[in-house]
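# Overview (structure and organization)
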Amino acid sequence: MNDLMTANPLYRNRPKATGITVRKLDFNPEKISRYYFARSPLMSHFLTALSSTFPVGEQFFVHSVRNVRDQITDPVLQTQIAAFIGQEAMHSKAHTEFNQAWRKDDYQLDNFQAWLERQNKHVRNLPPKVQLAITSAFEHFTALLGGYILKHPEVLSTLDEDAMKLWVWHAIEEIEHRSVAFDVYQQLYADQRLRRRVMKRVTGGFFSLAVYSTGRLFMQDKWKSLPQIKGNLFGAYLLVKMLVQLFPEYLSYYKKDFHPEQNDYSIELEYWKKHLAQDYQMTDFQY
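One numbering rule holds for all chains: residues counted from 1, following each sequence as written. Given that the model is predicted, a residue must reach a pLDDT of at least 70 before its local features are reported, and side-chain atom pairs must reach 80 or more before they are shown or counted; all residues, however, enter totals for whole chains, interfaces and linings. Working from all heavy atoms in the structure, the side-chain values ignore hydrogens and water.

- Looking at an unreviewed UniProt entry, one finds the chain named Metal-dependent hydrolase and attributed to Acinetobacter radioresistens SK82.

Next comes the structure, spelled out in structure tokens:
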């Protein structure tokens, strides 16, 4: 990376990206209870399953963009790429800490993460164009999920303090950089047919992965999870409601004129940035 910075003047004296801020997260994952989301085992296992994929997934996202970074001539997009890489690096670090705190005798993530590492090696051998299309598709999913989290403060009010910090911080930054991989793909390739085809494949893979990993964690914890019928029913309701409400935004990705910025989250971003700064004293959100 240092050689690349030296060779390409676009990497020198680069101004900060507008609207994308790299922030460090100060939280204690050891304090997060197992059923941290709405006191629902099902919903909590779902988010923990997602967390288990983030370190490997976000390292791949960075890799796919960095693969083609030296082909980007737009200095504004270059600043956004730098901020994107910085944010994803912080996300990977934070979720690694969260996942490490959950490596308990009755709650194992290791086998699943080893499988992810094997898949990651395979995907990294695909053409750079396809890798970038995969990242663009996944970034659409993370932005939708992030936006949904921020739009439902009544549900977030049930979170532990440290869980609140982790998931809201992550959601904010996913929304901030949601356009970067897409813009890089459009500038270099603009192959809309491939973009949509890859999204279809990613959708199937994403849901299969989510169902499998959530079910695996739920069954590892079954003697504690199964008796909590009320919490599980509420979690199932939340998941179904989320899927129904997000479906139109998901479908927008297939439009010819789609762009991630068409989904406006400015009100939610402003609200939660102030909330984290004032109520949780998160200094990186303070102006």
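Still more ground to cover, so stick around.
## A look at the packing of helix α2 (residues 41-68) against helix α3 (residues 75-101)
- Running from amino to carboxyl end, α2 crosses α3 at an angle of 150 degrees, the nearest separation of the two axes being 9 Å. When the axes of α2 and α3 are compared, the pair comes out roughly antiparallel. Between α2 and α3 lies a crossing whose hand is left-handed. In this structure, α2 contributes T48, S51, S52, F54, P55, E58, Q59, F61, V62, V65 and R66 to the contact, and α3 contributes I81, F84, I85, E88, H91, S92, H95, T96, F98 and N99.
- Polarity classes work like this: nonpolar for Ala, Val, Leu, Ile, Met, Phe, Trp, Tyr, Cys and Pro, charged for Asp, Glu, Lys and Arg, and polar for all others, with Gly in that last group. Class assignment for the residues of the contact of α2 with α3 results in nine nonpolar, nine polar and three charged. Throughout, an axis means a line fitted to C-alpha atoms (over the contacting stretch in the case of helices), and angles, computed between N-to-C directions, take values from 0 to 180 degrees. What counts as a helix is a DSSP run of H or I of at least four residues, what counts as a strand is a run of E of at least two, and both are numbered from the N terminus. An angle below 35 degrees is read as roughly parallel, one above 145 as roughly antiparallel, one from 65 to 115 as roughly perpendicular, and any other as oblique. In a left-handed crossing the near helix is turned counterclockwise from the far helix by less than a right angle, and in a right-handed crossing that turn is clockwise. In this analysis, two residues are considered to be in contact whenever any of their non-hydrogen atoms come within 4.5 Å of each other.

## Points about the nonpolar core
- To form a nonpolar core, buried Ala, Val, Leu, Ile, Met, Phe, Trp, Tyr and Cys residues must be joined to one another through side-chain atoms within 4.5 Å. Between buried and exposed lies partly exposed: a residue is buried under 20% and exposed over 50% of the maximum accessible area for its type, with that area taken using a 1.4 Å probe on protein chains only. Of all hydrophobic cores here, the largest spans 83 residues; its most connected members are Y36, F37 and L150.
- For this core, the element with the most residues is α2, which contributes 12 residues.
- Setting aside chain neighbours within four positions, we find L150 in contact with L156, V168, A171, I172, I175, E268, L269 and W272.

## Some details on the packing of aromatic side chains
- Paired rings are identified among Phe, Tyr and Trp, the last through its six-membered ring, by centres lying within 6.5 Å, and are further divided according to the angle between planes into stacked (under 30 degrees), edge-to-face (over 60) and tilted (the rest). Tallied over the full model, the rule gives 18 aromatic pairs.
- Note on F61 and F138: the rings are 5.8 Å apart at their centroids and 35 degrees apart in plane angle, and the pair reads as tilted. Within this pair, whereas F61 is found in helix α2, its partner F138 is found in helix α5 (residues 128-150), the two being separated by 77 residues in sequence.
- The exposure class assigned to F61 is buried, which follows from its relative accessible area of 7%.
- The class of F138 is partly exposed, set by a relative accessible area of 22%.
- When the centroid spacing of 5.7 Å and the interplanar angle of 25 degrees are considered together, the rings of F141 and Y250 count as stacked. Taken together, the positions of F141 in helix α5 and Y250 in helix α11 (residues 229-251) put the pair 109 residues apart, joining distant regions of the chain.

## Brief notes about the confidence of the model for the chain
- Per-residue pLDDT for the chain has a mean of 89; in total, 93% of the residues score no lower than 70.
- Taken element by element, the chain is modelled with least confidence in helix α1 (residues 2-7), mean pLDDT 39, and with most confidence in helix α8 (residues 180-188), mean pLDDT 98.
- This model gives residues 1-12 a pLDDT under 50, and the stretch forms 15 contacts once residues within four places in sequence are excluded. One number per residue, pLDDT, summarises how confident the predictor is, and it ranges from 0 to 100.

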